Amino acid sequence: MESFVVPSAWEVAGLLCKLFLYFGAATLAGAALNLAFYSDGSRRTVQGLLVYGLIGAVLGFQAVLLNYLVQVGMISASGLAGMFDWTMAEILMDTPLGETTLWRLVAFTVALVGLVICLQLLARRSQPPSRRLHTALVAIPALALLILAESFQLSGHVSVHGKLAQLAISLHVIAFAAWIGSLYPLLRLSHGLQASELAWFMGRFGDHARLVLALLLLAGLFLLWELLMTPGELWQTPYGLSLSLKLLLVAALLGLAAHNRYQLVPAVAEDKGGALLQLRRSIKGEMGLALLILLLTAYLSTLVGPMDHQAAAVRLETAESSLAQR
């Protein structure tokens, strides 16, 4: 069996950039979903969700830009100064990396500009946002998330696979981002609502999570089918073992979410002593598991890959060269 990859300093930097990219996507999804379904509509809650999305957009924009410079520096092989090798940077702009970077910068720019404008509009109002403004508040981070999800089709392991695999990765990104991005806003909501109101919102989230979960699992299983040549790769290769660990963490996250929905939320609704505190701890546990999953995802997409990925990339490059010669 192949050994696990020990990352270089450049690769660690790239991994961290990926992690903050995922964080940015999750905050946009969480902001949009909570504004649409799990907000009490108060000015304070709406403003908090907009700031949440804005922080993610800022970090995501910086992570995408820094990741591009890191890739330039890695290829230039001339130390930190190589990150600013503009000749190499221009060359890379004509590659899938350049196209992906541009689309992701566009996505976060849409979120940044739109959310800043919305915050300014909200600051001028003494009342909660109107229906029209509220629709815009939801649409802006949702649009940015869709652009981001589309960008995942342009690079990475699925870029050399068919359209269905590329659609699956977009749906997978949206579903997981919506789930984990909603956890922190829900945790904050648990500090400002009556037990009955909180139980209603948490129950609604749990009901919606079924659809998100179905989408997540279907897209994930299809991606496994596409990326793995044989089931044995799950325990015979570093990629497969990392993926297996990720699946175990996702299973643990599902178990914790089910415990919240079917035991803790009803207990909160009945205002049982200590139930609210347990729910908050459980949500924090979900957030911790989600962070580990994001770290593993960054590792999988940065340092290791399925066995047929390089072969597929070579086949695609050969086909493109043949077409260009014609």
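The model shown is predicted, which means the values in this text are computed figures rather than measured ones.

Procedures and definitions
Counting restarts for each chain, with residues numbered from 1 along the sequence as it is written. It should be noted that, the model being predicted, local features are given only for residues of pLDDT at least 70 and side-chain atom pairs only at 80 or more, the latter also being counted only at that level, while totals for whole chains, interfaces and linings use all residues. Where side-chain values are given, they derive from all heavy atoms of the structure, hydrogens and water being excluded. In this description, a nonpolar core means a group of buried Ala, Val, Leu, Ile, Met, Phe, Trp, Tyr and Cys residues linked to one another through side-chain atoms lying within 4.5 Å. For every residue, the accessible area (1.4 Å probe, protein chains only) is compared with the maximum for its type, and the residue is labelled buried under 20%, exposed over 50%, or partly exposed between those bounds. Put simply, DSSP marks the helices as runs of H or I at least four residues long and the strands as runs of E at least two long, and each gets a number from the N terminus on. Any two residues whose heavy atoms approach within 4.5 Å at even a single point are treated as in contact. Two N or O atoms count as a polar contact when they lie within 3.5 Å, although within protein this holds only if one can serve as hydrogen donor and the other as acceptor, and sequence-adjacent residues are included solely when both atoms are side-chain atoms. A score from 0 to 100, pLDDT tells how confident the predictor is in each residue. When a carboxyl oxygen of Asp or Glu is within 4 Å of a side-chain nitrogen of Lys or Arg, the pair counts as a salt bridge. Only Phe, Tyr and Trp rings take part, Trp by its six-membered ring, and two of them pair if their centres are within 6.5 Å. Stacked means planes under 30 degrees apart, edge-to-face means over 60, and tilted covers everything else. Definition used: whenever NZ (Lys) or CZ (Arg) falls within 6 Å of the ring centre and also within 35 degrees of the ring normal, the charge is taken to sit over that ring.

Next up on the list: the nonpolar core. Where a protein is soluble and globular, its nonpolar side chains tend to be buried together. Counting residues in hydrophobic clusters, the biggest one holds 76 residues, and the most contacted among them are Leu28, Leu50 and Leu279. By size, the runner-up hydrophobic cluster in this structure holds six residues, among which are Leu224, Leu227, Leu228 and Tyr239.

Our next topic: the environment of Thr302. In this fold, Thr302 is placed in helix H11 (residues 275-302). Its relative accessible area of 26% is what places Thr302 among the partly exposed residues. Each C-alpha atom of the pair Thr302 and Gly14 lies 7.2 Å from the other, and the pair is 288 residues apart in sequence. Ignoring anything within four residues of it in the chain, the contact list for Thr302 reads Glu11, Gly14, Leu15 and Lys18.

With that settled, the discussion passes to the side chain of Asn260. Structurally, the position occupied by Asn260 is in helix H10 (residues 238-269). For Asn260, a relative accessible area of 4% gives the class buried. Here the side chain of Asn260 touches Ser282 through a polar contact of 2.3 Å, side chain to side chain. Among the polar contacts listed, one links the side chain of Asn260 to the side chain of Glu286, at a separation of 2.4 Å. The contacts of Asn260, once residues within four sequence positions are left out, are Val265, Pro266, Leu279, Ser282, Ile283 and Glu286.

To continue, consider the confidence of the model for the chain. Keep in mind that low pLDDT regions are not for reading the predicted coordinates in detail. Model confidence for the chain is summarised by a mean pLDDT of 84, while 89% of its residues fall at 70 or above. Note that pLDDT drops below 50 for residues 308-326; the model gives that stretch eleven contacts with residues more than four away or on any other chain.

Quick look at the environment of Leu228 now. Among the structural elements, Leu228 can be located in the loop between helix H8 (195-227) and helix H9 (233-236). Judged by its relative accessible area of 12%, Leu228 falls in the buried class. In this structure the C-alpha to C-alpha distance between Leu228 and Gly240, which are twelve residues apart in sequence, comes to 8.3 Å.

We now examine the pattern of salt bridges. Counted according to the given criterion, the structure contains three salt bridges. Residues Arg210 and Asp207 are paired through a salt bridge, measuring 3.7 Å at the closest nitrogen-oxygen approach. With Arg210 and Asp207 both in helix H8 and three residues apart, the pair spans about one turn of that helix. A residue is classified by how much of its surface remains accessible, and Asp207, at 36% relative accessible area, is partly exposed. A salt bridge links Glu270 to Lys272; the shortest N-O distance between them is 3.4 Å. Judged by relative accessible area, Glu270 falls into the exposed class, the value being 54%. Relative accessible area serves as the criterion here: at 48%, Lys272 is assigned to the partly exposed category.

Bringing the packing of aromatic side chains into the picture now. Each aromatic ring pair is characterised by the separation of its centres together with the angle its planes make. Considering all chains together, one arrives at six aromatic pairs under this definition. An angle of 25 degrees between the planes, with centres 6.1 Å apart, marks the rings of Tyr22 and Phe152 as stacked. Of this pair, Tyr22 sits in helix H1 (residues 9-37) while Phe152 sits in the loop between helix H5 (131-151) and helix H6 (163-181), and the two are 130 residues apart along the sequence. On the basis of relative accessibility, which here comes to 11%, the residue Tyr22 falls in the buried class. With a centroid separation of 5.1 Å and 80 degrees between ring planes, the pair formed by Trp200 and Phe201 is classed as edge-to-face. Ring pairs connect the aromatic residues Phe37, Tyr38 and Phe205, which therefore count as one cluster. Over the aromatic face of Phe152 sits the side chain of Arg104, whose NZ or CZ is 4.4 Å from the ring centroid. Between the NZ or CZ atom of Arg261 and the centre of the ring of Tyr262, over which it lies, the distance is 5.6 Å.

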